[in-house]
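Each chain, written out:
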Amino acid sequence: MSMSSKKLSFLFLALTLASVGCTQKQAADAPAASDVIKVGEVGSMTGTEGTFGVSTHNGIELAIKQINAKGGVKGKKLELISMDDQGKPEEAATAVTKLITQNKVAAILGEVASSRSMAMAPIAQQYQIPMISPSSTNPKVTELGDYIFRVCFIDPFQGTVMAKFAAENLKLKKVAILRDVKNDYSVGLADYFAKKFKEMGGTIVADQAYSSGDTDFKTQLTNIKGKGPEALMVPGYYTEVGLIARQAREAGITVPLLGGDGWDSPKLAEIGGKSVEGSYFSNHYSQEDQSAVVQTFVTEYKKAYNAVPDGLAAMGYDAALVLADAMNRAPDLNSASVRTAIAQTVNFPGVTGTITINSERNAVKPAVVLVVENGQYKYRTTITP
Amino acid sequence: MIEFLQHTVNGISVGSTYALIALGYTMVFGILQLINFAHGEVFMLGAFIGMYSAKHFGFGDQPSIGALLLTLLIAMVGCAIMGFLIERLAYRPLRKSPRINVLITAVGVSLFLQFAGQLGFGSDPKFFPQVFQPAGDWSIGELRFNPLQVIVFAISLVLMLVLQTIIFKTRLGRAMRAVSFNHDLASLMGIPTNSIISSTFMLGSSLAGAAGVLVGLIYPKIEPLMGTMPGLKAFVAAVLGGIGNVTGAVVGAITLGLAESYVVAYYAPTFRDALAFVILILILLFKPTGLFGIRRSEKV
């Protein structure tokens, strides 16, 4: 009896302490909230696409540090709250809900992958919090609501760019496609590539599919080899493309591979080795671009993270800058005013090109085509919309 | 026709990687009647141990058969130690509990290793150093073989024979079969049950370690979650061949590999993973003992 009453009083004490703890924390937060603007970020910091999230996060973090060093936005510092979604759409949805309802962020930056951005967008729209995706290129992402923006081009454009490049620069007539059917991004790119390439007089000799996570692609590649293509379009993520390239060479396919910005990771050249040499992919920017904006960014990024920024880092950086720029131009920091200001972004000088947000809330800007040479991604050409 | 033959070759080569994993699975089940769901994760650990040791010794720069054998040995020993620890810490305390408790623990160990792997190794894919590179391509006419996969196929057959010999021709094997028949009775006959069970686990885990290195060599992208799907596939292969039967595991694995290859080639690539489970359900419905299984009478 005395034992259980002791336990009860302990429990009561603990509860009291906990609630006191909570009220104190809230009291401490309240004054702080007025001189910072909270910005939420959702990314795949872990999971098989971990490098996507980490690069983007570094870009965003660098931008926010620079903005704060210059005095912040409207005299307030930006505070970045990052959440990891482990590369899972359901985790991304949970993270964005938590950021909006518990952390009370003013805006959301993220995600890289279209499938995860599409899980987040309806939630941001429901709470009317502006969301800027740095690099989700599937057209459906911004169609989900008028609070959803992106600072990158979309799949039709990226697919079109590679089709134009294949037909005009490489003068190809027959291309095979190997698409990841589990990935909205890959399917979108493949569809628009096929459409444009046929318009330009080429033929798609084979259209095979795989699912992300597969490790063996020999069966599909055997089918493709029989059709004798002049290039193989593989608009997947670097996680599979490296293995696909290896197995294509083993199966006796020697033609170059084509792809999109999902290839953009040093791991591609590491896993693919010699097999990816001479292959081309479209991207948002090239670190070899000699313009001052790009070179300053590359230097600053190298100083902060001791690594060369990839395209995703540059996109993250631009997304944060576009947001800060809009917040500065907005008359106040209401989410509706910020939304309108983002929609009015015109000719913003970003690292990934001059960004104008169009009426579909997508960025209009050119794409670059890179080629893999000695394990490095070299600038080949720029293709404008 | 040539494409069909190539699909067949591809199917056998995928099947032989499943066979390597299925061997350890089926052996542990055969002796202990425990489905060790953590087997796929031991396979993953084998790949990582292989990668780190190959990097440490710089085998990737000087590929040779010796480097391959040494990497295999290190991974097998490492995994045997892991298998010993898993059995000692997770399964042995539950020796007297109902079987379902052990099964749930096995799933727990599997998840634990997956996420500990993500913490320890990082979750992004890693490149497996090419410790052995046979020269050139092998081909018969239009038909192409990956020399590594021919080697893996041969190794899985050799390991199958080695296991058969250990189980049926040695003292250790006889003790294993005795423990499998009846734990308590075996210990009454003076068989050290605990150490026999430990050795069974160590043997099974070292096979998984070898599989990790060989699969890493063929598909040089390794990550902490790589064991899940091959683990499940190997389980299906083992059930298909008759779980507990060593020859059955290899035949089941090759059958599964061929079936997957044909489905991808002539039907739909998205059915690759579904197929394994369709086979599992059909086998359980119509021939629960598998192709080579012998009906065991359940002791009451």
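Look a little higher up for the structure.
Here the structure is a predicted model, which means the values were calculated and not measured.

Caption draft 1: Molecular detail of the interface of chain B and chain A. Taken together, the 25 residues of chain B in the interface contact 28 residues of chain A. Among the elements of the structure, helix H1 (2-32) and helix H10 (246-266) of chain B are those that each provide at least two residues to the side of chain B that touches chain A. When the residues that make up the side of chain B that touches chain A are grouped by side-chain class, the tally is 10 nonpolar, 9 polar and 6 charged.

Caption draft 2: Region of the structure containing helix H9 (residues 228-241) of chain B. Residue and element names in this part refer to chain B. The first and last C-alpha atoms of H9 sit 20 Å apart over 14 residues, in line with the 20 Å expected at 1.5 Å per residue. Most of H9 is tucked away: 11 of the 14 residues are buried. Listed in full, the buried residues belonging to H9 are Pro-230, Gly-231, Lys-233, Ala-234, Phe-235, Val-236, Ala-237, Ala-238, Val-239, Leu-240 and Gly-241. Against the buried residues of H9 lie H1, helix H2 (39-57), H10 and helix H11 (271-286).

Caption draft 3: Region of interest: the pairing of strand E12 (residues 353-357) of chain A. Residue and element names in this part refer to chain A. Examined bridge by bridge, strand E11 (residues 348-350) and E12 share 3 bridges and lie antiparallel to one another. Looking at the pairing, Phe-348 lines up with Ile-355 of E12. The antiparallel hairpin formed by E11 and E12 contains 2 residues in its connecting segment. Here E12 pairs with strand E13 (residues 363-364) via 2 bridges, running antiparallel. Considered in E13, the bridge of Thr-356 is made with Val-364. The hairpin formed by E12 and E13 contains 5 residues between the paired strands, and Arg-361 there has a positive phi angle of roughly 65 degrees.

Caption draft 4: Structural detail: the nonpolar core. Of all hydrophobic cores here, the largest spans 198 residues; its most connected members are Leu323(A), Ala22(B) and Ala237(B). The dominant element in this core, judged by the number of residues it contributes, is helix H8 (residues 193-218) of chain B, at 14 residues. Excluding residues within four positions of it along the chain, Leu323(A) makes contact with Val39(A), Ala107(A), Leu109(A), Ile132(A) and Ile342(A).

Caption draft 5: Seen up close, the pairing of strand E2 (residues 77-84) of chain A. Residues and elements named next belong to chain A. Inspection of the sheet shows strand E1 (residues 36-43) paired to E2 by 8 bridges, in the parallel sense. Considered in E2, the bridge of Glu-41 is made with Ser-82. Following the backbone out of E1, through helix H2 (residues 50-69) and into the adjacent parallel E2, one traces a crossover that is right-handed.

Caption draft 6: The arrangement of the sheet that holds strand E5 (residues 148-150) of chain A in detail. Residue and element names in this part refer to chain A. The 5 strands lie next to each other as E2-E1-E3-E4-E5, forming an open sheet whose pairing is parallel. In this open sheet, the two strands that pair with only one neighbour each are E2 and E5. Pairwise comparison of adjacent strand axes, ignoring direction, gives a mean angle of 25 degrees for this sheet. Helix H12 (residues 311-329) rests against E1, E2, strand E3 (107-109) and strand E4 (131-133) of the sheet, and its axis sits at about 160 degrees to E3.

Caption draft 7: Highlighting H8(B). With 26 residues, H8(B) extends 38 Å between its outermost C-alpha atoms, agreeing within 8% with the 38 Å of an ideal straight helix rising 1.5 Å per residue. Counted residue by residue, H8(B) has 22 buried out of 26 residues, so it is predominantly covered.

Caption draft 8: View of unusual backbone geometry. Residues and elements named next belong to chain A. In this chain, Gly-110 is followed by Glu-111 through a cis amide linkage whose omega measures -5 degrees. Inspection of the secondary structure puts Glu-111 in the loop between E3 and helix H4 (114-126). In this structure, Arg-361 takes a positive phi of about 65 degrees despite not being glycine. With respect to the secondary-structure elements, Arg-361 resides in the loop between E12 and E13.

Caption draft 9: Just the environment of Ala119(A), in detail. All names here are of chain A. With respect to the secondary-structure elements, Ala-119 resides in helix H4. The class of Ala-119 is buried, set by 23 C-beta atoms lying within 10 Å. Excluding its chain neighbours within four sequence positions, the residues that come into contact with Ala-119 are Pro-89, Glu-90, Ala-92 and Ala-93.

Cut-offs applied
Residues numbered from 1 in each chain as written. Chains lettered and ligands numbered in written order. Predicted model: local features only at pLDDT ≥ 70, side-chain atom pairs only at ≥ 80, totals over all residues. Contact = placed C-beta atoms within 7 Å. Helix = DSSP H or I, 4+ residues; strand = E, 2+ residues; numbered from the N terminus. Nonpolar A, V, L, I, M, F, W, Y, C, P; charged D, E, K, R; others polar. Expected span 1.5 Å × (residues − 1). Buried ≥ 20, exposed ≤ 12 C-beta atoms within 10 Å, placed from the backbone. Pairing = 2+ DSSP bridges. Core = buried A, V, L, I, M, F, W, Y, C linked by C-beta atoms within 7 Å. Right-handed = clockwise from strand over helix to strand, strands pointing away. Axes fitted to C-alpha atoms, helices over the stretch in contact; angles between N-to-C directions.

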